Amino acid sequence: MKPDLILIRFGEFTIKGRNRKQFERRLVEQVRRVVSPFKTVKLIQTFGRLYIELNEESYEAIAKELKHVFGIVSFSPVLRAEMELESIRERALELMLSCVPSPRTFKVSVRRVVKSFPHESQAMNHLVGGHVLRAMPELKVDVRNPEVELRLELQPEGAFLFTDVVPAAGGFPYGTNGKAMLMLSGGIDSPVAGYLAMRKGLEIEAIHFHSYPFTSDQAKEKVITLARRLCEISGVPMKLHLVSFTEIQTSFTQCNQDHLIITLMRRSMMRIAQKLAEKSGALGIVTGDSLGQVASQTLSSMNVIGRTVDLPLLRPLIMSDKQEIINLAEEIGTFATSILPYEDCCTLFVPKSPSTNPNLNVVMKVESFIPRLDEMIAEAVATTEEIVLRPGEQHEAEQAGQDDWF
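A brief structural summary. (Residues numbered from 1 in each chain as written. Predicted model: local features only at pLDDT ≥ 70, side-chain atom pairs only at ≥ 80, totals over all residues. Heavy atoms only, no water.)

**Thoughts on the overall build of the chain**
Cut-off, in case you're wondering: Secondary structure elements are defined from DSSP: runs of H or I of at least 4 residues count as helices, runs of E of at least 2 residues count as strands, and each element is numbered from the N terminus. Here's how the labels work: a residue is buried when its accessible area is under 20% of the maximum for its type, exposed when over 50%, partly exposed in between, all with a 1.4 Å probe on protein chains only. Any two residues whose heavy atoms approach within 4.5 Å are treated as being in contact. Only the protein chains shown count as cover for residues, and all accessible areas are computed by the Shrake-Rupley method using a 1.4 Å probe. Just so you know, the count uses Lys and Arg for positive and Asp and Glu for negative, and it drops His and the chain ends. A single reference atom marks each charge: NZ on Lys, CZ on Arg, CG on Asp, CD on Glu.
Within the chain, the regular secondary structure consists of 14 helices and 15 strands. Projected onto its principal axes, the C-alpha coordinates of the chain cover approximately 85 × 45 × 40 Å. Per-residue burial for the chain yields a buried fraction of 53% across its 406 residues. Residue pairs at least 24 apart in sequence account for 80% of intrachain contacts in the chain once pairs closer than 6 positions are excluded. In the structure as shown, the chain presents an accessible area of about 19,100 Å², 50% of it carried by carbon and sulfur atoms. Side-chain charges in the chain split into 47 positive and 50 negative, and the spacing between the mean points of these groups amounts to 6 Å.

**Section: a nonpolar patch on the surface**
To keep it simple, the criterion reads: To count toward a patch, a residue needs a relative accessible area over 30% and no salt bridge; like charges are then connected within 9 Å, while nonpolar side chains (Val, Leu, Ile, Met, Phe, Trp, Tyr) are connected within 5 Å. Throughout this description, the term salt bridge denotes a Lys or Arg side-chain nitrogen within 4 Å of a carboxyl oxygen of Asp or Glu.
On the surface, Leu291, Leu299 and Met319 cluster together into a nonpolar patch covering about 360 Å² of accessible area. Relative to the elements of secondary structure, Leu299 occurs in helix H9 (residues 299-306).

**Topic: the environment of Asp142**
Rules: Counted as a polar contact is a pair of N or O atoms within 3.5 Å, where, for protein atoms, one must be capable of donating a hydrogen and the other of accepting one, and residues adjacent in sequence contribute only when both atoms are in side chains.
Its place among the elements puts Asp142 in the loop between strand S6 (140-141) and strand S7 (148-155). Measuring from C-alpha to C-alpha, the distance between Asp142 and Pro213 comes to 67 Å, with 71 residues separating the pair along the chain. Setting aside residues no more than four positions away along its own chain, Asp142 makes contact with Thr105, Phe106 and Lys107. A distance of 3.1 Å separates a polar side-chain atom of Asp142 from the backbone nitrogen of Asn145.

**Digging into the pattern of salt bridges**
Once the charged atoms of two side chains with opposite charge are near each other, the side chains can pair. Scanning the entire structure with this criterion turns up 22 salt bridges. Here Arg91 ties to Asp4 by a salt bridge, and the two come within 2.7 Å at their closest N and O atoms. Residue Arg91 is found in helix H3 (residues 85-97), and its partner Asp4 is found in the segment before strand S1 (5-10); the two are separated by 87 residues along the sequence. Notably, a salt bridge pairs Glu205 with Lys179, separated by 3.1 Å at the nearest N-O pair. You can see Glu205 sitting in strand S11 (residues 203-210) and its partner Lys179 sitting in strand S10 (residues 179-183), a full 26 residues away along the chain. Here Glu205 matches Lys179 in class, with each residue buried.

**Observations concerning the packing of aromatic side chains**
For any two aromatic rings, the description comes down to two numbers: the centre-to-centre distance and the angle of the planes. In plain terms, the rule: Two aromatic rings from Phe, Tyr or Trp, using only the six-membered ring of Trp, form a pair when their centres are within 6.5 Å; if the ring planes differ by under 30 degrees the pair is stacked, by over 60 it is edge-to-face, and anything between is tilted.
On inspection of all chains with the given rule, the structure shows 4 aromatic pairs. Where Phe209 meets Phe245, the ring centres are 5.4 Å apart and the plane angle is 70°; that geometry is what we call edge-to-face. Pair noted here: Phe209 is in strand S11 and Phe245 is in the loop between strand S12 (238-244) and helix H7 (246-252), with a separation of 36 residues, a long-range link. What makes Phe209 buried here is its relative accessible area of 5%. A residue is classified by how much of its surface remains accessible, and Phe245, at 0% relative accessible area, is buried.

**Re the packing of helix H8 (residues 261-280) against helix H13 (residues 373-382)**
To keep things clear, this is the line we draw: Only C-alpha atoms enter the line fits that serve as axes; for helices the fit covers just the stretch in contact. Angles between N-to-C directions range over 0 to 180 degrees. By definition in this entry, angles of less than 35 degrees are roughly parallel, angles greater than 145 are roughly antiparallel, angles of 65 to 115 are roughly perpendicular, and the rest are oblique. Two helices cross in a left-handed way if the nearer one is turned anticlockwise from the farther one by less than a right angle. They cross in a right-handed way if the turn is clockwise.
Between H8 and H13, the shortest axis-to-axis distance is 10 Å and the interhelical angle comes to 45°. With respect to H13, the axis of H8 lies oblique. Our pair here, H8 against H13, has a crossing hand that is right-handed. Across the interface between the two elements, Ser268, Arg271, Ile272, Lys275, Leu276 and Lys279 from H8 touch Leu373, Ile377, Ala380 and Val381 from H13.

**A look at the nonpolar core**
Applicable threshold: The nonpolar core is taken to be a set of buried Ala, Val, Leu, Ile, Met, Phe, Trp, Tyr and Cys residues, with the residues joined through side-chain atoms within 4.5 Å.
Residues Phe209, Ile248 and Ile272 are the most contacted members of the largest nonpolar core, which totals 35 residues. At the level of elements, S10, S11, H7, H8, H9, helix H12 (360-368) and H13 are the ones that each hand at least two residues to this core. With 10 residues, H8 is the largest single contributor of residues to this core. Leu242, Ile326, Ile332 and Leu389 belong to the second largest nonpolar core, which has 34 residues in total.

**Some details on the layout of surface pockets**
As a reminder, the rule being used: Residues are called lining when one of their atoms sits within 4 Å of a cavity or pocket point, these points coming from a 1 Å grid over the protein atoms alone, where a cavity is a set in which a 1.4 Å probe fits but cannot get out and a pocket is an open set with protein on both sides within 12 Å along at least five of seven lines. Grid points are joined across faces, edges and corners, and a volume is the space filled by probe spheres set on the points. Here the nonpolar group is Ala, Val, Leu, Ile, Met, Phe, Trp, Tyr, Cys and Pro; Asp, Glu, Lys and Arg are the charged ones; every other residue, Gly included, is treated as polar.
Estimated volume of the second largest pocket: approximately 550 Å³. Listing elements by their share of the lining of the second largest pocket, those giving two or more residues are helix H1 (20-35), helix H2 (59-66), helix H6 (217-234) and helix H10 (322-332). Classifying every residue of the lining of the second largest pocket gives 9 nonpolar, 5 polar and 7 charged.

**Considerations on the sheet that holds S11**
Backbone-to-backbone hydrogen bonds join strands into a sheet, with any given pair of strands oriented parallel or antiparallel. Cut-off, in case you're wondering: In this analysis, strands are considered paired if DSSP registers two or more bridges between them.
In space, the 6 strands of this open sheet follow the order S14-S13-S10-S11-S12-S15, with mixed pairing throughout. Two strands lie at the open edges of the sheet, namely strand S14 (313-314) and strand S15 (385-389), each paired on one side alone. Inspection of the sheet shows S12 paired to S15 by 5 bridges, in the antiparallel sense. Residue Met238 lies in a different strand from S15, and its bridge partner there is Leu389.

What follows is the structure, given as structure tokens:
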């Protein structure tokens with residue numbers, strides 16, 4: 001079957017009441033961006049729905065892009081019929097004959113928005129279903145658990161028929177719920193956390209901490225590649241802040257509190273992230289924390305680390321299992337890069353027995369004895385390197401052979 005249109009269904013933002021138009025406008029902008037390479041398509045917007053008129057363009061190519069547009073809950077390839085019974089019957093039969101493999105059971109579901117149409121919904125179920133059954137006698141009707149549900153919508157714009165409902169990203173259109181800073185390491189978790197934050201409508205700017213020369217240029221390129229992938233998914237430019245953490249990190253190794261190094265590092269990272277957030281107008285900090293996964297992600301550790309900032313700490317993965325996170329990383333195309341063997345600063349100087357239950361008063365006392373800690377934090381913020389990533393631009397590291405998951 002070669003569809004005439006794609007029917008797009010909006011996500012949870014449709015409950016937003018008076019703000020709904022703002023969310024719809026942003027979603028339409030993002031869909032328009034996705035279909036812009038397809039010169040003959042046309043967008044048709046109605047209340048609560050958006051149609052893409054294909055005009056001979058490739059459904060498969062457009063569908064591949066639509067799956068990642070935040071705010072779209074699902075979409076369907078649609079055949080359009082004239083608003084009269086015989087045209088609807090013929091197109092319904094055409095649609096059923098195109099199903100692969102050929103179904104054994106089906107049912108017809110009619111949504112009659114145009115009340116002036118001469119046949120009511122229940123009557124149309126029989127009129128359309130009967131026509132299909134006469135032409136396909138091997139079919140049976142199963143109203144409870146059909147293999148195929150033939151759906152007909154009688155809308156002011158026309159009669160639309162479809163069988164497939166393709167799930168999409170859902171959530172809210174990108175950037176409609178404010179801005180947050182993403183703590184982006186080179187690991188598996190943080191890019192997934194960034195994706196989930198974007199899915200809920202957050203615009204994100206990424207922050208990465210490096211400890212050159214202890215961390216390599218390859219580790220830096222790895223993070224740029226991860227940030228670029230998130231940028232490609234969002235479809236809009238994204239800032240990446242690269243923070244030099246060497247001086248601060250090495251100062252912690254000299255305080256004779258090895259078991260607290262991870263806690264001290266994370267607290268300083270949070271302070272730097274908040275200062276960068278204030279400069280960027282961000283109202284939250286997103287992390288890849290998953291409860292109990294490592295020493296710094298016990299409830300006690302997160303409590304001590306989180307006390308350093310006033311901004312909300314957003315932890316999309318907090319109750320996720322590792323395999324769930326890996327599965328989503330593979331789905332969004334970050335896993336292959338995340339497992340490249342280049343260390344980031346969080347894996348340096350890791351003690352054999354890091355504290356899983358740090359005491360806040362003890363940690364604060366240790367910090368008070370570290371010379372120039374506040375000055376070093378201010379200097380790290382002042383010397384942060386900022387890179388603006390743009391969709392469609394490719395980095396040298398990616399051109400070297402990591403394109404297969406783009």
